[in-house]
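A look at the structure
Listed below, chain by chain, are the residues.
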Amino acid sequence: MAEPTVPPRRPGFETLAIHAGQDPDPATGAVTVPIVQTSTFVQEAVGKHKGYEYARTGNPTRAALETCLAALEGGAWGLAFASGMAATDAVAHLLESGDHVVMADDVYGGTYRLFAKVFDRAGITLTAVDMREPADVRRALTKRTKLVWIESPTNPTLRIVDIDAVTGIAREAGSLSVVDNTFASPYLQQPLGLGADLVLHSTTKYIGGHSDVVGGALVGTDMALRERLAFIQNAAGGVPGPFDSWLVLRGAKTLAVRMDRHSDNAMAIAEWLCQHPKVERVNYPGLETHEGHDIARRQMRSFGGMLSFELRGGETAADRMVSRTRIFALAESLGGVESLIEVPLAMTHGSVRGTKLAPPAGLVRASVGIESVDDLIGDLAQAIG
Ligand SMILES: *Cc1c(COP(=O)(O)O)cnc(C)c1O
């Protein structure tokens with residue numbers, strides 16, 4: 001009788017983050033992936049090489065990162081880009097003149113700008129909808145809708161979109177669905193399992209995690225889609241260099257432990273803010289009072305490190321507070337180990353001032369880092385005053 005076979009167990013997230021695509025270097029035994037800083041690769045004879053020819057097309061450090069990111073999202077393939085926007089640009093290049101895009105009305109501002117102010121000239125049309133109501137997505141679809149662009153949680157008001165419901169609507173309509181998973185990271189949320197065709201990351205944020213690199217990525221399952229996007233990646237050339245790829249790969253190794261701490265710290269701060277007399281409203285999907293809390297519980301492991309809140313006293317109170325913090329640095333961006341704070345209307349979201357997409361004037365956004373939570377709460381307390 002044959003021995004009973006033990007089915008191979010898929011390694012856990014933390015193991016994949018450290019080992020997927022990262023076997024010790026066969027040439028030297030180096031435990032970490034080498035930074036292969038070269039623009040070209042030698043050929044033994046014409047067309048006879050070790051898989052690499054020219055470094056825009058492929059580089060071993062980048063390939064290790066792409067394998068790792070695919071594993072973390074549960075995808076079949078990953079493609080790394082020079083920035084989150086370069087990854088978005090590659091997706092936009094799948095479209096042709098006359099195609100229509102349905103987009104969440106509070107997506108990352110740069111995403112909206114690329115479609116509304118660059119790809120409009122290529123004849124691509126755009127409808128922005130509030131995706132909290134999936135029926136509104138269905139109503140926005142046309143015969144030419146080729147792409148549905150989802151983000152959850154959103155920025156800066158931390159809205160939650162039911163990813164499974166919206167990707168289902170896109171699929172029925174024969175449209176590709178993309179989820180910008182930057183805010184959640186693959187540790188907290190895996191959109192491919194919720195029906196998405198593509199996941200996009202600004203690896204600048206949580207995956208890089210240390211505010212020291214700009215990068216982007218796409219992950220998917222369909223190999224034909226991979227071929228089209230890899231062609232665009234090589235043709236347009238928005239690729240990350242080997243050192244930047246290596247920094248993102250190093251960041252990814254600690255993603256799980258960092259996200260746990262980001263989430264714990266943000267939850268404690270959100271609860272503290274809720275009981276503060278000078279705080280009018282707190283937006284954090286981990287709070288039971290958040291309108292998207294039940295959906296977030298279903299589709300996320302925990303609730304992440306981003307939150308926003310409104311101070312009584314509006315813009316003046318917000319500006320005063322963010323200039324008084326000592327640990328929270330007044331800066332744009334997010335997702336690093338250090339805590340950052342900003343006023344979206346005056347900083348990250350200045351371009352939508354005066355439109356219906358403008359965030360409330362007194363809104364403060366925080367990217368909660370992994371410092372001691374008591375120090376962070378003490379800092380906010382003295383700054384709110
Ligand atoms: C930062 C960001 C982007 C753009 O990424 P870059 O790396 O800055 O080009 C896209 N989406 C979200 C949600 C982001 O936060």
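In this numbering scheme, every chain counts its residues from 1 along its sequence in written order. Totals for whole chains, interfaces and linings use every residue, but because this is a predicted model, local features are given only for residues with pLDDT of at least 70 and side-chain atom pairs only at 80 or more, for both listing and counting. Neither water nor hydrogens contribute to the side-chain values; these are computed over all heavy atoms in the structure.

**Structural notes on the overall build of the protein**
Strands here mean DSSP runs of E at least two residues long; helices mean DSSP runs of H or I at least four residues long; both are numbered from the N terminus. The helix and strand tally for the protein stands at 13 helices and 12 strands. Principal axes of the C-alpha set define a box for the protein whose edges measure 70 × 55 × 50 Å. Exposure categories follow from relative accessible area, calculated using a 1.4 Å probe and restricted to protein chains: below 20% of the type maximum is buried, above 50% is exposed, and the middle band is partly exposed. Going through the 385 residues of the protein one by one, you find that 52% of them count as buried. When checking whether two residues touch, look at their non-hydrogen atoms; a contact exists if any pair is within 4.5 Å. Pairs at least 24 apart in sequence give 71% of the contacts found in the protein among residues at least 6 apart. Within the structure as shown, the protein displays about 17200 Å² of accessible surface, and the carbon and sulfur contribution to it stands at 53%. Separation of charge centres in the protein, based on 36 positive and 44 negative side chains, amounts to 3 Å. Each accessible area is a Shrake-Rupley estimate made with a 1.4 Å probe; only the visible protein chains count as cover when residues are assessed. For the purpose of charge, His is not counted, nor are the chain termini; Lys and Arg are scored as positive and Asp and Glu as negative. Lys charges are placed at NZ, Arg charges at CZ, Asp charges at CG and Glu charges at CD.

**Focus on the site of the ligand**
Close to the ligand lie 13 residues, the nearest being Met85, Asp180, Ser202, Thr204 and Lys205. The definition of a polar contact used here is a pair of N or O atoms within 3.5 Å, where within protein one atom must be able to donate a hydrogen and the other to accept one, and adjacent residues in sequence count solely through side-chain atom pairs. Between an oxygen atom of the ligand and a main-chain N or O atom of Gly84, the distance comes to 2.9 Å. Within the backbone of Met85, one N or O atom sits 2.9 Å away from an oxygen atom of the ligand. Any residue with a heavy atom positioned within 4 Å of a molecule or strand is treated as near that molecule or strand.

**Notes on the pattern of salt bridges**
Here, a salt bridge means any Lys or Arg side-chain nitrogen found within 4 Å of an Asp or Glu carboxyl oxygen. As enumerated under the stated definition, the model contains 17 salt bridges in all. Between Arg144 and Asp99 there is a salt bridge, with its nearest N and O atoms 3.0 Å apart. One end of the pair, Arg144, is in the loop between helix H5 (134-140) and strand S4 (145-151); the other, Asp99, is in the loop between helix H3 (84-92) and strand S2 (100-104), and 45 residues separate them in sequence. In this structure, the salt-bridge partner of Arg139 is Asp136, at a minimum N-O distance of 2.4 Å. You can see Arg139 and its partner Asp136 sitting in helix H5, 3 residues apart, about one turn around the helix.

**Considering the sheet that holds strand S3 (residues 125-129)**
Spatially, the 7 strands line up as an open sheet ordered S1-S7-S6-S5-S4-S2-S3, and their pairing is mixed. Edge strands, defined here as strands with exactly one partner in the open sheet, are strand S1 (77-81) and S3. Direction aside, neighbouring strands of the sheet carry axes that sit 20° apart on average. Inspection of the sheet shows S4 paired to strand S5 (residues 176-180) by 5 bridges, in the parallel sense. When the sheet's bridge partners are listed, Ile150 is paired in S5 with Val179. Axis lines are fitted through C-alpha atoms, for helices just across the contact stretch, and the angle between N-to-C directions can take any value from 0 to 180 degrees. On the sheet, helix H2 (residues 60-73) packs against S1, strand S6 (198-202) and strand S7 (216-220) and is oriented at approximately 125° with respect to S1. Where helix H4 (residues 109-117) meets the sheet, its contacts fall on S2, S3 and S4, and the angle it forms with S2 comes to roughly 160°. A pair of strands counts as paired when DSSP detects no fewer than two bridges linking them.

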